Amino acid sequence: MSSPASPSAPIPPLLLVGCGQMGGAMLAGWLADGLAPSVVLDRHRDDIPAPHRVVRDAADLPRDFVPSLIVLAAKPQKAAEVLPALAPFARQAPILSVMAGKTVGGLTAALADAGCPDAVVIRAMPNTPSAIGQGMTVCYTPPGASDAQRALCERILSAIGDTAWVTREEQMDAVTAISGSGPAYVFLLAELMEQTGTALGLPPELARRIARRTVSGAGALIERTGVDAAELRRRVTSPGGTTQQALSVLMAPDAWPTTLDRAIRAASRRARELAS
Ligand SMILES: NC(=O)c1ccc[n+]([C@@H]2O[C@H](COP(=O)([O-])OP(=O)(O)OC[C@H]3O[C@@H](n4cnc5c(N)ncnc54)[C@H](OP(=O)(O)O)[C@@H]3O)[C@@H](O)[C@H]2O)c1
């Protein structure tokens, strides 16, 4: 299921836990879309504009603040450290975890241990283009979450891009490996095209510009036309021409088809490992 972004009402107040690469990207998107006064927990940020508040330490979270949703965007390895401080808030609001791998069961068990046995945890896997409203976020709602809680997550996440929902939690590992990590694969492509352009004798600035513009232009074309990627590729590939030569290298069975498959499977396996 997908939805258009940006209804006009302000985004309800959030408690954002972790405002690094991903939390910061989401926050940038929410600020651009109109965010009700919210609280951010991050020890490195002091640039969040009023009326939002930043606290550096979980012990300083304002007890009088009632968020509509707690967005958990700390590293998975930091979950055990931060969850106990969130238990009082989790009695009042659902948690939306964007942590790779961490399961609903594991997070609710940790919150129960911290004194909040009724916490509702929903999972989401966003990506960094959320910073400019171009994110892709895939969510999983466990049976214990209500329709209203799911609608709240949809409202908040559709403000920063496209959304979709999976019905089985284990599907989140594949999502993480494709859309969560995926921007890095595309950025690597831009890096490598720039490097080879320079190696072939182009001025470095020109190589950088044409590599970046090619990636962004191809992304915009796929988005705006809705045409299948394979068809768009064929439209570039003149029989007997230059692209065909390049693709005969890239599409050899032991080249990109195998390499990308192995890479995505490795990322998905790592997501599973991060559960514990
Ligand atoms: N990066 C992505 O593209 C991406 C995409 C999808 C999902 N995710 C998920 O998003 C989560 C965050 O990833 P990230 O790349 O944004 O990590 P990050 O850049 O390290 O951001 C996390 C931030 O939270 C801070 N923090 C964590 N616990 C804290 C605490 N108890 N008190 C104060 N500050 C605290 C961290 O500070 P310290 O470093 O000092 O702890 C850091 O600034 C991860 O679970 C990841 O799986 C990331």
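Just so you know, these numbers come straight off a predicted model, no measurement behind them.

Some words on helix α2 (residues 79-90)
Phase 1: The first and last C-alpha atoms of α2 sit only 14 Å apart over twelve residues, clearly below the 16 Å expected at 1.5 Å per residue.
Phase 2: On its buried face, α2 sits against β1 (14-17), β2 (39-41), β4 (69-72), β5 (95-97) and α3 (104-113).

Some words on the nonpolar core
Phase 1: Counting residues in each nonpolar core, the largest one holds 35 residues, and the members touching the most others are Leu15, Val17, Leu61, Ile70, Leu72 and Leu86.
Phase 2: In terms of residue count, α2 provides more of this core than any other element does, seven residues in total.
Phase 3: Beyond its immediate chain neighbours, meaning those up to four positions away, Leu15 contacts Val39, Leu61, Phe65, Pro67, Leu69, Ile70, Val71, Leu86 and Phe89.
Phase 4: Among the nonpolar cores identified, the runner-up in size contains 29 residues, and Cys19, Met22, Ala124 and Ile160 belong to it.

Points about the site of the ligand
Phase 1: Taken together, 23 residues surround the ligand, and among them Met22, Arg43, His44, Ala74 and Lys78 come closest.
Phase 2: Backbone polar atom of Ala74 to an oxygen atom of the ligand: 2.6 Å apart, as the coordinates give it.
Phase 3: One of the side-chain N or O atoms of Lys78 is found 2.4 Å from an oxygen atom in the ligand.
Phase 4: For the ligand, the accessible surface in isolation is 870 Å², of which the surrounding protein chains cover 83%.
Phase 5: At the level of secondary structure, the elements contributing two or more residues to the shell around the ligand comprise α1 (21-33) and α2.
Phase 6: Per-class residue counts for the shell around the ligand are twelve nonpolar, five polar and six charged.

Considerations on the packing of helix α5 (residues 171-180) against helix α10 (residues 256-273)
Phase 1: α10 packs onto α5 with a crossing angle of 130 degrees between their chain directions and a minimal axis gap of 8 Å. By the criterion of interaxial angle, the relationship of α5 to α10 is oblique. As α5 packs across α10, the resulting crossing turns out to be right-handed. Residues Asp173, Ala174, Thr176, Ala177 and Ile178 of α5 form the contact with α10, whose own contacting residues are Ile264, Ala267, Ser268, Ala271 and Arg272.
Phase 2: Classifying every residue of the contact of α5 with α10 gives six nonpolar, two polar and two charged.

Structural notes on a nonpolar patch on the surface
Phase 1: Among the surface-exposed residues, Leu189, Met193 and Trp256 lie close enough to one another that they form a single nonpolar patch of about 260 Å² accessible area.
Phase 2: Taking relative accessible area as the criterion, Trp256 reaches 45% and is therefore assigned partly exposed.

Notes on the UniProt feature "domain: Pyrroline-5-carboxylate reductase dimerisation" (unreviewed entry) in the chain
Phase 1: Using the residue numbers shown here, the UniProt feature "domain: Pyrroline-5-carboxylate reductase dimerisation" (unreviewed entry) corresponds to residues 169-274.
Phase 2: For residues 169-274, the helix share is 80%, the strand share is 0%, and the end-to-end C-alpha distance is 14 Å.

Here is what the cut-offs are and how they apply
- Residues numbered from 1 in each chain as written.
- Predicted model: local features only at pLDDT ≥ 70, side-chain atom pairs only at ≥ 80, totals over all residues.
- Heavy atoms only, no water.
- Helix = DSSP H or I, 4+ residues; strand = E, 2+ residues; numbered from the N terminus.
- Expected span 1.5 Å × (residues − 1).
- Contact = heavy atoms within 4.5 Å.
- Core = buried A, V, L, I, M, F, W, Y, C linked by side-chain atoms within 4.5 Å.
- Buried < 20%, exposed > 50% of the residue type's maximum accessible area, 1.4 Å probe, protein only.
- Near = heavy atom within 4 Å.
- Polar contact = N/O pair within 3.5 Å; in protein donor to acceptor, adjacent residues only side chain to side chain.
- Areas by Shrake-Rupley, 256 points an atom, 1.4 Å probe, with all protein chains shown as cover.
- Nonpolar A, V, L, I, M, F, W, Y, C, P; charged D, E, K, R; others polar.
- Axes fitted to C-alpha atoms, helices over the stretch in contact; angles between N-to-C directions.
- Parallel < 35°, antiparallel > 145°, perpendicular 65-115°, else oblique.
- Left-handed = near helix turned anticlockwise from the far one by under 90°.
- Patch = residues over 30% accessible without salt bridge, like charges linked within 9 Å, V, L, I, M, F, W, Y side chains within 5 Å.
- Salt bridge = Lys/Arg side-chain N within 4 Å of Asp/Glu carboxyl O.
- UniProt positions renumbered as here; feature names shortened; annotations may be inferred.

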